[in-house]
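Listed below are the residues making up each chain.
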Amino acid sequence: MSAINLLREVLKASEKAANIARVCRQNPILFSLLVQEKSKDESNTRFAHDFKTLADCLIQEMIKHDIGKQFPELRDNIRGEENAKFTNTAGESIIVSVTDDPGNTTKALEKILNGDKVSAAALVDEVYREVEIDFESLELPTDSIPLDNDWSQLGIWIDPIDGTAEYIKGEEKLTKYSNIVSSGLKCCTVLIGVYETCKGTPILGVINQPFAEKISNQEEYREEYRSKIFWGLSVGDLKFNNIASQGTDARIAILSPSEQSKYVEFIRNQLKYDVVYSSGAGYKILKIATGEAELFLLSKGTTYKWDTCAPQAILRSMNGDLFDLQDTLINKSVKKISYHDHKVTRNIGGLIAYQNIDKLREFLKL
């Protein structure tokens, strides 16, 4: 069992997911058909409105199919945020599925899109496209790294598009720091995290920013986007990642705009952090991993295992981690976010993330 083989497949799936997200976002006709309000049972209580898009559903099912095909023992342990049922504008409910037969996927998408064969074909092309990844530029280890577990003892959490509201709105707002945005497409991430089912420990994580870099298509006179991909791998004492630290002299805490004022005041006045607000749990934790912010804190239980598995694996590859905030505050100990029970999906006690554990100890003293 090679961890590098699994990492390669997860990286490929993340880039295929990014392609689907871009196709859906850049096609005005297609994008107008995609947005659907989530049911009350599915929605995130933090938002007045929470949305699910066809891109979300399709990406999730594509990742399940592609990784499950390569590693059949993993197939039943791949889980994601979205319900695969999508309802079209005519009120007809269709299950979004990706199988070995592109024809079946095409038929389902045509139903969802009310017979729009052109748009369905464009999506199917991306779902079954063989993506090319420059693994060398992603700095993958050249040696084989064996995994201690059988494939059947691993699980995967997928967030097909973290920051769906930002994906829909697309309105970019900057913070006072040029490398951190408060909202917009840069906050959107594809998150794929692999964990050990018995220990509940994340061991491999990939974060793909589909809209990280804007490029100009001179031939078609339009702007396009290119991904930025981050990964981390932690197997036993072996730790690898492709993240170059972009540390800053500023002490920055990155928070949700809805964070409780008592925590904001404590972070500003007692810990002496400069507070910036941003969207997307995956994006905010990524900024901790890259060193562009030092502290991420979320006091409410509004994130889920699919939000945190991938970024936590990356933090662990850097000797950082993601902790249960309320347990840390009450017991003055560090309880790491765990994934041993896949039926418990919400991080009820909130979150605190540090790349540097010594900084967490300083936090605990205060």
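Just above sits the structure.
Residues numbered from 1 in each chain as written. Predicted model: local features only at pLDDT ≥ 70, side-chain atom pairs only at ≥ 80, totals over all residues. Heavy atoms only, no water.

## Looking at the packing of helix α1 (residues 3–26) against helix α5 (residues 117–127)
Moving on, step 1. Direction vectors running N to C along α1 and α5 enclose 165°, while the axes themselves pass 9 Å from each other. By the angle between their axes, α1 is roughly antiparallel relative to α5. Here α1 runs over α5; the crossing is right-handed. Along its contact with α1, which presents K16, N19, I20, V23 and C24, the element α5 presents L123, E126 and V127. (Axes fitted to C-alpha atoms, helices over the stretch in contact; angles between N-to-C directions. Helix = DSSP H or I, 4+ residues; strand = E, 2+ residues; numbered from the N terminus. Parallel < 35°, antiparallel > 145°, perpendicular 65-115°, else oblique. Left-handed = near helix turned anticlockwise from the far one by under 90°. Contact = heavy atoms within 4.5 Å.)

## Examining the pattern of salt bridges
Moving on, step 1. Under the defined criterion, the tally for this structure stands at 15 salt bridges.
Moving on, step 2. With a shortest N-O distance of 2.8 Å, D66 and K16 are connected by a salt bridge. One end of the pair, D66, is in helix α3 (residues 54–70); the other, K16, is in helix α1, and 50 residues separate them in sequence. K16 matches D66 in its accessibility class, with the two residues each being buried.
Moving on, step 3. Shared partners join several salt bridges into a network, and the residues in it are E9, K12 and E130. (Salt bridge = Lys/Arg side-chain N within 4 Å of Asp/Glu carboxyl O. Buried < 20%, exposed > 50% of the residue type's maximum accessible area, 1.4 Å probe, protein only.)

## Re the environment of D150
Moving on, step 1. Tracing the backbone through its elements, the reader meets D150 in the loop between α5 and β6 (154–162).
Moving on, step 2. For the pair D150 and L7, spaced 143 residues apart in sequence, the C-alpha to C-alpha distance is 15 Å.

## What about the sheet that holds strand β13 (residues 252–255)?
Moving on, step 1. The five strands are arranged β14-β13-β15-β17-β16 in an open sheet whose pairing can be described as mixed. This sheet does not close on itself; its edge strands, each paired only once, are β14 (274–277) and β16 (321–324). On average, each strand axis in the sheet is inclined to that of its neighbour by 25°, with strand direction left out of account.
Moving on, step 2. Bridging between β16 and strand β17 (residues 351–354) involves four bridges; their strand directions are antiparallel. Residue pairing in the sheet places F323 in a bridge with I352 of β17.
Moving on, step 3. Set on the sheet, helix α7 (residues 261–269) makes contact with β13, β14 and β15 (295–298); between it and β14 the angle comes to about 140°.
Moving on, step 4. Strand contacts of helix α11 (residues 357–365): β15, β16 and β17, with the helix running at about 130° to β17, the strand carrying the most contacts. (Pairing = 2+ DSSP bridges.)

## Here we look at the nonpolar core
Moving on, step 1. L6, L11, I63, I67, Y167 and L204 are the most contacted members of the largest nonpolar core, which totals 62 residues.
Moving on, step 2. If one sorts the elements of this core by residue count, α1 sits on top with 11 residues.
Moving on, step 3. Not counting the four nearest positions on each side in its chain, Y167 is found in contact with A21, C24, R25, F31, T53, A55, I161, L185, C188 and F211.
Moving on, step 4. If you look at the next biggest cluster of nonpolar residues, it comprises 33 residues, including Y195, F230, F296 and L298. (Core = buried A, V, L, I, M, F, W, Y, C linked by side-chain atoms within 4.5 Å.)

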